[in-house]
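Examining the three-dimensional arrangement
Here's the letter readout for the chains.
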Amino acid sequence: MSNKNKTMSDIRNTPGKGISTISVHAGEERFRYADSITTPIVQTSTYAFKDCAHIEGYTQRGHAHFEYGRYGNPTEKVAQDRMAIMCGAEDCVLFASGMSAITTTILALVRSQDHIIITDDAYKKTLEFCSSYLQRFGIDCTIVPFGDYDGLEAAIRPNTRFIFSESPTNPYLNIFDLEWLQDVAKRHNLMTLIDATFSTPYNQCPFDYGVDIVVHSATKYLAGHNDILAGVVLGRSELVEEIRALHKAIGGVIDPHCSYLLLRGMKTFALRMERQNKTAMQVARFLEEHEQINRVYYPGLESHPHHDIAKSQMSGFGGVVSFDIKGTLETAKRFLDALKLCYIAPSLGGVETLITHPGLVSYYGLTREERYELGITDTLIRLAVGIEEPEDIIADLKQALAITAK
Ligand SMILES: *Cc1c(COP(=O)(O)O)cnc(C)c1O
């Protein structure tokens, strides 16, 4: 499925091969309803048949037609096809959220008595779903410390169905060695799933490493405007078809208007990624040199423990920079409260720069000891750059640090 040696237009009938062209045009008919330049929002829950012969043509002879909203929509179809082409996948299914994509995918792939392996440095709700909810259905889950490759291989059992990991991870931007994953999956005949939300198809193509299923929270970079929730699942046709079948029953579908906003967001995807990669690198370097900062976590920095793997399997390092501010929880709070441009908010990948304190937001409810065990310290801050001028973002951080130092 690798696209390295093929142009995108070889794969589908796309009017160009660059990612910017694909993100603007792919998946569309050249001329559409009323010759509109944009893809129309087909705001309907159901579709009419002209007569009974029309129904029979659809059901018995496979004529193209939409039947009912949960089974598909023309606006959604364009977004889905564009996403598949852009991500270098045979097929794609869209979901109402990233979590809907992840949970439906896992449920479609597992059977009772199966065992799955997930790395511990994963999205909190994904971990919760795998470790608590799946147990109810007799599915066993081993959570392996991220980076413990020997431990991961040792955890494989005869009934292991798949290995699930994120890369890069949140909030430390750890990078999973996908070459290792490919090798171990081949030797043990296992499926592999990667949540590639933080890397996006702009920076990484997990299919080049034989990954079976790639999921994204399109809420983040792919939609890119902090205005919708959406999820994406990509892979080989026969696997995606299994997931699509369950999706129709579980029903976490993306609606037509959201599909439109996703399409609209995707048009500037490549531009935004180029800017966000560059800005994050500048911000990371600024923070790394700042005396009030203990440590910066960004895979583009030589100081990141996985910089070499990141360099070999990614073409850019994304828009998230995590860092540890010198001081206490009070220092971190003072710094956040002094920011004027960056919004204090969870999420990432949108046009607005967002900053969050994982300990106060995502890991609220855990004791300090539990948080520290997960590496979520009082002084850890996660910055997700938007598309503002890098100089303005840096100036905001600088003035807030100056106030904090007083
Ligand atoms: C946000 C996120 C999710 C969940 O996606 P939603 O769209 O919020 O449901 C899953 N994985 C990662 C890595 C994320 O960042």
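Residues numbered from 1 in each chain as written. Predicted model: local features only at pLDDT ≥ 70, side-chain atom pairs only at ≥ 80, totals over all residues. Heavy atoms only, no water.

How two helices pack is summed up by the angle between their axes together with the distance between the axes. As a packed pair, helix α14 (residues 329-337) and helix α16 (residues 390-405) sit with axes 8 Å apart at the nearest point and diverge in direction by 135 degrees. As the angle between them shows, α14 and α16 are arranged oblique. Relative to α16, α14 is oriented so that their crossing is right-handed. Every residue of α16 that contacts α14 at T331, R334 and F335 is listed here: L397, A400, L401 and T404. (Axes fitted to C-alpha atoms, helices over the stretch in contact; angles between N-to-C directions. Helix = DSSP H or I, 4+ residues; strand = E, 2+ residues; numbered from the N terminus. Parallel < 35°, antiparallel > 145°, perpendicular 65-115°, else oblique. Left-handed = near helix turned anticlockwise from the far one by under 90°. Contact = heavy atoms within 4.5 Å.)

In this approach, a probe sized like a water molecule rolls over the atoms, and the result shows the empty space that is left. Size it by volume and the largest pocket reaches roughly 580 Å³. For the largest pocket, the lining is made up of 28 residues, of which Y123, K124, N170, K220 and R382 are closest to its centre. Looking at the lining of the largest pocket, the elements that each hand over two or more residues are α5 (98-109) and α6 (124-133). Per element, the largest residue contribution to the lining of the largest pocket is three residues, and it comes from α5. Residue composition of the lining of the largest pocket, by class: 13 nonpolar, nine polar and six charged. A domain split of the lining of the largest pocket shows at least three residues from each of domain 1 (19-267) and domain 2 (269-405). (1 Å grid on protein atoms, 1.4 Å probe; cavity = no way out; pocket = protein on both sides within 12 Å on 5 of 7 lines; lining within 4 Å. Points joined across faces, edges and corners; volume = space filled by probe spheres on them. Nonpolar A, V, L, I, M, F, W, Y, C, P; charged D, E, K, R; others polar. Domains from an automatic or database assignment.)

A separate point is the pattern of salt bridges. Tallied over the entire structure, the rule returns 17 salt bridges. Between E28 and R82 there is a salt bridge; the shortest N-O distance is 3.0 Å. You can see E28 sitting in the loop between α2 (19-25) and α3 (52-61) and its partner R82 sitting in helix α4 (residues 74-87), a full 54 residues away along the chain. As far as the burial class goes, E28 and R82 line up, both buried. D81 is the partner of K77 in a salt bridge, and the nearest nitrogen-oxygen pair spans 2.6 Å. Linking K77 with D81, this pair stays in helix α4, spanning four residues, or about one helical turn. When salt bridges with common partners are traced through the structure, they connect E28, R32 and R82 into a single cluster. (Salt bridge = Lys/Arg side-chain N within 4 Å of Asp/Glu carboxyl O. Buried < 20%, exposed > 50% of the residue type's maximum accessible area, 1.4 Å probe, protein only.)

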